[in-house]
Amino acid sequence: MTEIGYQWWALLPFDPDPATGEATIQNPPMLTAIAVDRGASLVFHFPTPPRALQVAVETTGLSAENRGPGLFRTYTGPVARGLRETDHSPWERTYEGMYATFTARVDGVQSFLKLVLDEPRTLVVNRVTFTR
């Protein structure tokens, strides 16, 4: 599988309308460990729309416990303020040591991809990678 790079990422700690919520701070493409609360979004900008991709979200094993297949809702679009919710495969969890990785396939991805945490407990995210 080929890894797909993103140009920048952002955290929206509170994103009541994921279709129009826009990042004010853009971070370089190196995500560090971050706590994501329910209703928060992680936004990724791709220089070229990847269309279909596999998303892998590495988390701490403890924060991954008792999570379901609807962990994140996904939104995509060509511009940051006009995203639409898109379908994805169910989030699957695998464990490796102290970490858990959630993976899902998302089709029709455009320049922006937003992952909105849809479960009540905080999730500690260590890394997010995209492959084709």
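Structure: above.
Structural notes, computed from the coordinates. (Residues numbered from 1 in each chain as written. Predicted model: local features only at pLDDT ≥ 70, side-chain atom pairs only at ≥ 80, totals over all residues. Heavy atoms only, no water.)

1. A look at the sheet that holds strand E3 (residues 41-45)
With antiparallel pairing, the 5 strands of this open sheet are ordered in space as E1-E3-E9-E5-E6. Pairing within the sheet leaves two strands with one partner each, and these edge strands are strand E1 (8-12) and strand E6 (84-86). Geometrically, the sheet is characterised by an average inter-axis angle of 25° between neighbouring strands, direction not taken into account. (Pairing = 2+ DSSP bridges. Helix = DSSP H or I, 4+ residues; strand = E, 2+ residues; numbered from the N terminus. Axes fitted to C-alpha atoms, helices over the stretch in contact; angles between N-to-C directions.)

2. Some details on the pattern of salt bridges
Counted by the stated rule, this structure contains 6 salt bridges. Between Lys-114 and Asp-15 there is a salt bridge, with the nearest N and O atoms lying 2.9 Å from each other. In this pair, Lys-114 sits in strand E9 (residues 112-117) while Asp-15 sits in the loop between E1 and strand E2 (34-36), placing the two residues 99 residues apart along the sequence. For Lys-114, a relative accessible area of 0% puts it in the buried group. A relative accessible area of 5% places Asp-15 in the buried class. Arg-105 is the salt-bridge partner of Asp-107, the closest N and O atoms lying 3.3 Å from each other. (Salt bridge = Lys/Arg side-chain N within 4 Å of Asp/Glu carboxyl O. Buried < 20%, exposed > 50% of the residue type's maximum accessible area, 1.4 Å probe, protein only.)

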